[in-house]
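Survey of secondary and tertiary structure
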Amino acid sequence: MKISKRTFYKMSLTLGVVFMTTVSCERDLSDDAVLAGFSKTGEIYTDTFVSMGSDFYLPFAGSKPDAFSVDSQVGYQSNSSIRIDVPNAVDPTGNYAGAIFRVDGAGRDLSGFNALTFWVKASRGVSVDAFGFGQDFFGDKYQVTANNVNVGTNWSKVIIPIPDPSKLVEERGAFWYAMGTQGTGGSGYIVWMDDIKFENLATVAQPRPAISNGEDASTSSFIGVNLKVTGLIQTFNLASGLEQVITVAPSYYDFTASDPSVAAVDPFGNIAVSAAGTSVITATLAGNDAAGSLTINSQGNFQLPPAPTRDPNNVISIFSDAYTNVPVDYYNGFWLPGSSTGSADFSVNGDNILNYTNFNYVGTQTSNPLVDASSMTMVHFDLYIPGPVPNNFDFLISIEDWGPNGVDNGGDDSRQQIFVRRNQVVADTWVSIDAPLTLVNRDNIGLIIYENINFSSLRNFYLDNVYYYN
Amino acid sequence: MNLTLQMIHTKFILRLGIFVASVMLTLSCSPDDKQQVTTKNNLVWQDEFNIDGAPDPLIWGADIGNGEAEGIPGWGNEERQYYTDRPENVVVENGVLKITALKESFQGADYTSARILTKGKYQKKYGRFEARIKLPWGQGLWPAFWLLGDDNNGAQSWPQIGEIDIMEYRGQEPTIVHGSMHGPGYSGGQAITKQYDLVTDRLDTNFHVYGIEWGPGYVNYYIDDVLYNQITPDDVTGNWVFDDNEFYIIMNVAVGGTFVGAPGLNTVYPQTMHVDYVRVYE
């Protein structure tokens, strides 16, 4: 659809030039010869919404739906701003605030700008989880995110650069935000935003794109594996000297695979491994070489874990393609500052595999709702360690019940430990771990934690088929 | 043309006050006022950096080391770099002088860079000194285009010899240029100085012209077409030492130091100061 539209414009441009050339000795140029295009409006909210249409505010699932309002007393050099009331963590109608502002109508041509800017302040100093643009709920093709933005109690200006403005010729995802209370001990707060607009600032400079967070990463892989290029970031230097890091959607990049017959990469950063060998993924963004790379070392055919055969009626599945999984908050909470564990999850012929990288500890959280495993007697894990198993391998799985109050660290938690020792695992082989559930209270299970113990230097492993059963 | 001149004059009135504006109005009848903020238009010395290779040895010498040999380790400012004259640190290429700071272990230092100077090769009192420069960037980078007074074969020492800093800049403040004068009673942290913030443009993404116009009892500082300061004997807190000696030109990139602070952990290297030309007018 988009392609055919573009083709049409090209054709009309060509025809228009031919036409004008032919008749130029008789007529002046008329307005009719102007190439059609999308609105070049940069303003989103400047004391009032600008050309956003009526149905532009679309909250994220689980966010407090009425967090957003227009404040008619407070504004940046005005008396009007967007006000977000971030709810307390225990608010039953939603425990965070987040939404996209999507143009209700045709997209905008933002190619003449190089940054989204706005003024912001809050009722208390806070690090806002995310601001950005390019999220439209239609694939979020050109999404850009600035994470952990410091907002104080006085107005300050936030500048979020556009990685490659030439891509944004028809963009509806004008603005988005997500604000929680992890950093405020669960207490809600207010954020005001004003003069939200796209601008062209000569002071936004020194673009430095990166993949794999700028590292030369490598991963073991196999025929049939599908994985993604991750760590897509770009750093800009702003007039203040601030090094602004943004997270960038893959569609801004041009990816290259050194050996596509081993591992090819598509424009969305999806890598498909199809033969044994090595392929190095690199990228450019708007003509600048991206720092970092991803080397795929394909070992050939992959060995899938044994397919689970237990009756689904006797299983509560946390992660398996053989069963319907219960709701899971996350498989990696990226717990800062202590956890270094990354995720490089992949799938092989439809079987999704969790892959933890740079591992020290990591957790899977099941708090919405908590898992009631009171009718279950066993727990199962399939574990695979690619490459050599460290001699000091020592691995602990903890299952944590959050007790009758259902709150993590609420004073009534209980925990079961399952130790996996060096002699239980074999390199490059799936190992099934089946352990009895010894937790007395196991009707409010909120966490499964995996960790290295006794200085174990395990850094990389795969996990599949995590479930409780009887 | 008339309109443009009129607008420029309006700017001057705002920036410099009626006195300077009326001077400019008087001079504006001259049709070839290319650099309107200046009155000295007779080009008497230049290096356009048109020959590839090392800087012209008839014009430029180089300081080598970390200042220890001169008795001022860290060049008197706790700077971190070791100066060399290797092409990695200083070279003329494609019509541009490049002074490049590198992060490398070298002779006990963590950084290398270069500092070239016209001492004993070209020295002059008074004139319009200007250079067209694109600056490096990042926390801890400290490039400079400056003049030092002749020391009469060591008979005089800093700050008595005088120092005119035409351009200084902190890599972490990419929109701000500093112009300063050091002399007896007003040196180091007590220098007579003023900064100018471009606000809407940067110094590391494009070339800008940095200059002074220096005459008896005054030094005017400008960047591009903006005259942003004038320093006279009334402004300094000591003797005015700029009407006696000849001065020579220095161009360098320091890494770290009292003026700029420690280099940042994430500062990107190499960092290069690009100089299109240096010219002196009378």
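Conventions used here
Residues numbered from 1 in each chain as written. Chains lettered and ligands numbered in written order. Predicted model: local features only at pLDDT ≥ 70, side-chain atom pairs only at ≥ 80, totals over all residues. Heavy atoms only, no water. Helix = DSSP H or I, 4+ residues; strand = E, 2+ residues; numbered from the N terminus. Contact = heavy atoms within 4.5 Å. Areas by Shrake-Rupley, 256 points an atom, 1.4 Å probe, with all protein chains shown as cover. Buried < 20%, exposed > 50% of the residue type's maximum accessible area, 1.4 Å probe, protein only. Pairing = 2+ DSSP bridges. Phe/Tyr/Trp six-rings, centres within 6.5 Å; stacked < 30°, edge-to-face > 60°. Lys NZ or Arg CZ within 6 Å of the ring centre and 35° of its normal. Buried area = accessible area lost by both parts, 1.4 Å probe. Salt bridge = Lys/Arg side-chain N within 4 Å of Asp/Glu carboxyl O. Polar contact = N/O pair within 3.5 Å; in protein donor to acceptor, adjacent residues only side chain to side chain. Axes fitted to C-alpha atoms, helices over the stretch in contact; angles between N-to-C directions. pLDDT = per-residue confidence, 0-100.

Topic: the overall build of chain B
In terms of regular secondary structure, chain B is built from two helices and 18 strands. Look at the contacts in chain B between residues 6 or more apart in sequence, and 70% of them connect residues 24 or more apart. If you sum the accessible surface of chain B, you get close to 12400 Å²; carbon and sulfur atoms cover 50% of it.

Digging into the pairing of strand β29 (residues 394–401) of chain A
Residues and elements named next belong to chain A. By the criterion of burial, β29 is predominantly enclosed, with eight of the eight residues buried. Of the two faces of β29, both are covered, the one formed by D394, L396, S398 and E400 as well as the one formed by F395, I397, I399 and D401. In this sheet, strand β30 (residues 414–421) lies alongside β29 in antiparallel orientation, the contact comprising eight bridges. Considered in β30, the bridge of D394 is made with R421.

What about the packing of aromatic side chains?
Remark: the centre distance and the inter-plane angle together describe each pair of aromatic rings, the angle taken between the planes. Residue and element names in this part refer to chain A. If you walk through the whole model with that rule in mind, you get 58 aromatic pairs over all chains. With a centroid separation of 6.4 Å and an interplanar angle of 85 degrees, the aromatic rings of Y330 and W335 are classed as edge-to-face. Of the aromatic side chains, those joined through ring pairs into one cluster are Y45, F49, F56, Y57, F68, F101, F118, F131, F175 and Y177. Over the face of the ring belonging to Y469 we find R310, whose NZ or CZ atom lies 3.9 Å from the ring centre.

A closer look at the interface of chain B and chain A
Contact with chain B, which involves 12 residues of that partner, is made by 11 residues of chain A. Of the roughly 820 Å² buried at the junction of chain B and chain A (both faces included), carbon and sulfur atoms supply 53%. The tally of links from chain B across to chain A stands at zero salt bridges. Our count for the chain B to chain A interface comes out at five residue pairs in polar contact (both at pLDDT 80 or more).

Here we look at the sheet that holds strand β5 (residues 97–102) of chain A
Residue and element names in this part refer to chain A. Spatial ordering of the open sheet is given by β2-β5-β10-β7-β8-β16-β15-β12, a layout of eight strands whose pairing is antiparallel. At either end of the open sheet lies a strand with only one pairing partner, and these are β2 (57–59) and β12 (205–210). Mean inter-strand twist for the sheet, computed between neighbouring axes without regard to direction, equals 25 degrees. In this sheet, strand β16 (residues 243–248) lies alongside strand β15 (residues 233–237) in antiparallel orientation, the contact comprising five bridges. Along β16, the bridge assignment pairs N237 with E243.

A few points about unusual backbone geometry
Put simply, A:N368 and A:P369 share a cis peptide bond, and its omega is 0 degrees. Cis geometry is found at the peptide bond from B:Y269 to B:P270, where omega equals 0 degrees. For A:D140, which is not glycine, the phi dihedral falls at a positive 50 degrees. By the secondary structure assignment, A:D140 is in the loop between β7 (126–133) and β8 (144–151). Residue classification places A:D140 among the partly exposed residues on the basis of a relative accessible area of 21%. You will see that B:V199, though not glycine, has its phi angle at about 65 degrees, which is positive. On the basis of relative accessibility, which here comes to 54%, the residue B:V199 falls in the exposed class.

Examining the sheet that holds β30(A)
Paired through backbone hydrogen bonds, the strands of a sheet run either parallel or antiparallel to each other. All names here are of chain A. Pairing is antiparallel in the open sheet, where four strands are placed in the order β27-β32-β29-β30. The sheet is open, and its two borders are formed by β27 (361–365) and β30, each paired with just one other strand. Ignoring strand direction, the axes of neighbouring strands in this sheet form an average angle of 15 degrees.

Description of the confidence of the model for chain B
Considering every residue of chain B, the mean pLDDT works out to 89; 87% of them sit at 70 or more. Counting contacts from residues 1–36 of chain B, a segment whose pLDDT is below 50, to residues more than four positions away or on other chains yields 28 contacts.

A short note on the pairing of strand β15 (residues 218–223) of chain B
Residues and elements named next belong to chain B. Most of β15 sits out of view: six of its six residues are buried. Where strand β14 (residues 208–215) folds back onto β15 in an antiparallel hairpin, the turn is made up of two residues, including G217, whose phi is positive at roughly 80 degrees. Here β15 runs beside strand β16 (residues 226–231); their pairing, made up of five bridges, is antiparallel. When the bridges of β16 are listed, V219 appears paired with I231. Between β15 and β16, which pair antiparallel one after the other, the connecting turn spans two residues, and D224 there sits at a positive phi close to 50 degrees.

Some words on the pattern of salt bridges
Applying the stated criterion across every chain, the model contains 21 salt bridges over all chains. In this structure, B:R170 engages B:E173 in a salt bridge whose closest nitrogen and oxygen atoms are separated by 3.4 Å. A cluster of three or more residues bridged by salt bridges with shared partners is formed by A:K64, A:D66 and A:D91.

A closer look at the side chain of B:R128
All names here are of chain B. Tracing the sequence through the fold places R128 in strand β9 (residues 127–134). Using a relative accessible area of 3% as the deciding quantity, one classes R128 as buried. Engagement of the side chain of R128 in a polar contact is seen with the side chain of E130, the distance being 3.2 Å.

Side note on the environment of A:I385
Residues and elements named next belong to chain A. Within the secondary structure layout, I385 lies in the loop between β28 (378–384) and β29. Overall, I385 belongs to the buried group, its relative accessible area being 3%. Residues in contact with I385, not counting those within four places in the same chain, are F393, V425, A427, D428, T429, L458, N460 and F461.

As for the environment of A:P308
Residue and element names in this part refer to chain A. One can find P308 in the loop between β22 (293–301) and β23 (315–319). Along the sequence, P308 and S320 sit 12 residues apart, while their C-alpha atoms lie 8.7 Å from each other. Residues within four places of P308 in sequence aside, it is in contact with S320, A322, Y323, N465 and Y467.

A closer look at the side chain of B:D204
Residue placement: B:D204 occurs in the loop between β13 (192–197) and β14. Here the side chain of B:D204 touches A:Q206 through a polar contact of 2.7 Å, side chain to side chain. Within the structure, the side chain of B:D204 is placed 2.8 Å from the side chain of B:R202, a separation counted as a polar contact.

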